[in-house]
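Below are the chains, spelled out letter by letter.
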Amino acid sequence: MTKKIAVVTGGMGGIGHAICKKLFDADICVVATYSREHEKALAWQTKQLQAGYKFDIAYGDVSDFQSCESMIKKIEQEVGPIDILINNAGITRDASCCKMNKQDWDIVINTDLNSVFYVTHTVLRGMKERGFGRIINISSINGQKGQFGQVNYAAAKAGMHGFTKALALEVANKGVTVNTISPGYVATDMILAIPENVRNQILAGIPIGRFARPDEVAHVVAFLIDEKSSYITGANIAINGGQYMA
Ligand code: CAA
C-alpha cells in the first residue's frame, strides 16, 4: 500500500516539528513547509535525517495566496497527492489593542488565519475527488478564552474554528474531515518570548501545573488523522491542562 502524504505548515517550529515526527512514526510521508531561509531549512532537514527522520521540505509563504498555490502544486508534482493537511504555521505580535499597529494586526491575520484558506483551498479539490482527506487546524486556547495583548491572535485563532465548522459541513460526504485542535500554553520558543513575570502568572493558572509538551499536541493530531476517526468532524479538541473548559 502506498504511504499517505501529509503537509505540515510551519513544520520546523516547536509544535510543527513534533507533529512531523509523530506522522513519520505512523508511516506517513511528511512534507514540512517553511517560509524563511532555505539554508536553515536544509540544515534542519539534514539534522532530522541524522536522527532517523526522513522529511521532505517545501518553501511557501503561507500569508500569500500565490505562494501557497505554487507550494502545494510543487509538492503534488514532486511528492504526490496530499491526503493530510496540518495548518500549523502561526505567529504572535502581542500588544494591547491601543498599542497595536495595523502592521501587527495584518501580519497575524494573514499568517494565522488567511493562510488556512489559502493552503486548504489548494488541496481541497484533490481530497474530495479521491474521497479521503484529513484537515487539522492548530488553533489556541486564546482563540477560545481571549488573552490580554492578543486581539489579533485571538481573532485569528477563533476564526480558524469558524472555518473548520463551515468547511466540515461542505466536505462531510466526501470522506474529508476537518477539525481544530486548541492547545493551551506549549513549551516552545513562542512561550519563552513572553516576559518571565507574565509567563509565571500564566503557569500559576494552569491546573496541571506545567506547560504542555509539543508531543502531547502531536498525539491528538495522530488520533484525528487515523482512518478510525472518520466520524469526528467539525470538532474542536482542547488540550490545555485544565486551564480553560469551554
Ligand atoms: N491582564 C490584565 N491587565 C493587564 C495584563 C493582563 N494579563 N497585563 C497587563 N495588564 C495591565 C497592566 O497592569 C497595566 O495596567 P495599568 O495601566 O493600570 O498600570 C496595563 O495593563 C498595561 O498595559 P500595556 O498596554 O502598557 O501593557 P504592556 O505593554 O505592559 O504589556 C503585553 C502588554 C505585551 C501584551 C504583555 O501583557 C504580554 O506579553 N502578555 C502576554 C500575552 C500572552 O499571553 N501571549 C501568549 C503568547 S504564546 C501564544 O500565543 C501561544 C498560544 O497559543 C497559547
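Everything that follows concerns the structure shown earlier in this document.
Residues numbered from 1 in each chain as written. Predicted model: local features only at pLDDT ≥ 70, side-chain atom pairs only at ≥ 80, totals over all residues. Heavy atoms only, no water.

Draft legend 1. A look at helix α9 (residues 214-225). Helix length check: α9 (12 residues) gives 17 Å between terminal C-alpha atoms against 16 Å at 1.5 Å per residue, within 8%. Along α9, the residues classified as buried are Pro214, Glu216, Val217, Ala218, Val220, Val221, Leu224 and Ile225. Where α9 is buried, its residues contact α1 (14-25), β4 (84-87), β5 (133-138), β6 (176-183) and β7 (236-239). (Helix = DSSP H or I, 4+ residues; strand = E, 2+ residues; numbered from the N terminus. Expected span 1.5 Å × (residues − 1). Buried < 20%, exposed > 50% of the residue type's maximum accessible area, 1.4 Å probe, protein only. Contact = heavy atoms within 4.5 Å.)

Draft legend 2. Region of the structure containing the pattern of salt bridges. The final tally for this structure, using the stated rule, is 9 salt bridges. Glu78 is the partner of Lys74 in a salt bridge, and the nearest nitrogen-oxygen pair spans 3.7 Å. Here Glu78 and Lys74 lie together in helix α3 (residues 65-78), a separation of 4 residues that amounts to about one turn. What makes Lys74 partly exposed here is its relative accessible area of 48%. (Salt bridge = Lys/Arg side-chain N within 4 Å of Asp/Glu carboxyl O.)

Draft legend 3. The site of the ligand, seen in detail. Not every one of the 19 residues close to the ligand is listed here, only the nearest: Asp94, Ser96, Lys99, Ser140 and Tyr153. Contact between the ligand and Gln150: an oxygen atom at 2.9 Å from a side-chain N or O atom of the residue. A distance of 2.7 Å separates an oxygen atom of the ligand from a polar side-chain atom of Tyr153. Here the ligand, which alone exposes 1100 Å², has 57% of that area covered by the protein. Those elements that place two or more of their residues in the shell around the ligand are α7 (189-192) and α8 (196-204). A breakdown of the residues in the shell around the ligand according to their chemical character gives 9 nonpolar, 8 polar and 2 charged. (Near = heavy atom within 4 Å. Polar contact = N/O pair within 3.5 Å; in protein donor to acceptor, adjacent residues only side chain to side chain. Areas by Shrake-Rupley, 256 points an atom, 1.4 Å probe, with all protein chains shown as cover. Nonpolar A, V, L, I, M, F, W, Y, C, P; charged D, E, K, R; others polar.)

Draft legend 4. Structural view of the layout of surface pockets. There is about 260 Å³ of room inside the second largest pocket. Residue lining of the second largest pocket: Met1, Thr2, Lys3, Lys4, Ala26, Asp27, Ile28, Ala222, Ile225, Asp226 and Glu227, and that is the complete set. Here the lining of the second largest pocket is composed, by residue class, of 5 nonpolar, 1 polar and 5 charged. (1 Å grid on protein atoms, 1.4 Å probe; cavity = no way out; pocket = protein on both sides within 12 Å on 5 of 7 lines; lining within 4 Å. Points joined across faces, edges and corners; volume = space filled by probe spheres on them.)

Draft legend 5. View of the packing of aromatic side chains. Enumeration according to the criterion identifies 8 aromatic pairs in this entry. Ring geometry for Phe24 versus Tyr53: centroids 5.3 Å apart, planes at 65°, classification edge-to-face. With Phe24 in helix α1 and Tyr53 in the loop between α2 (38-50) and β3 (56-59), this pair connects stretches of sequence that are 29 residues apart. On the basis of relative accessible area, Phe24 is assigned to the partly exposed category, the value being 24%. The exposure class of Tyr53 is buried, given its relative accessible area of 16%. (Phe/Tyr/Trp six-rings, centres within 6.5 Å; stacked < 30°, edge-to-face > 60°.)

Draft legend 6. View of the sheet that holds β6. A sheet is described by the order of its strands in space; here 7 strands give the open sequence β3-β2-β1-β4-β5-β6-β7, paired in parallel fashion. The open sheet has two edge strands with one neighbour each: β3 and β7. Within this sheet the neighbouring strands show an average axis-to-axis angle of 20°, counted without direction. Note that β5 and β6 share 6 bridges and pair parallel. Each bridged residue has a counterpart across the sheet, and for Ile138 the counterpart in β6 is Ile181. Against the sheet, α2 engages β2 (29-34) and β3, with an angle of about 170° to β3. Along the sheet face, helix α4 (residues 102-130) touches β4, β5 and β6 and points at about 170° away from the line of β4. (Pairing = 2+ DSSP bridges. Axes fitted to C-alpha atoms, helices over the stretch in contact; angles between N-to-C directions.)

Remember that the coordinates give geometry; whether it matters functionally is a separate question.
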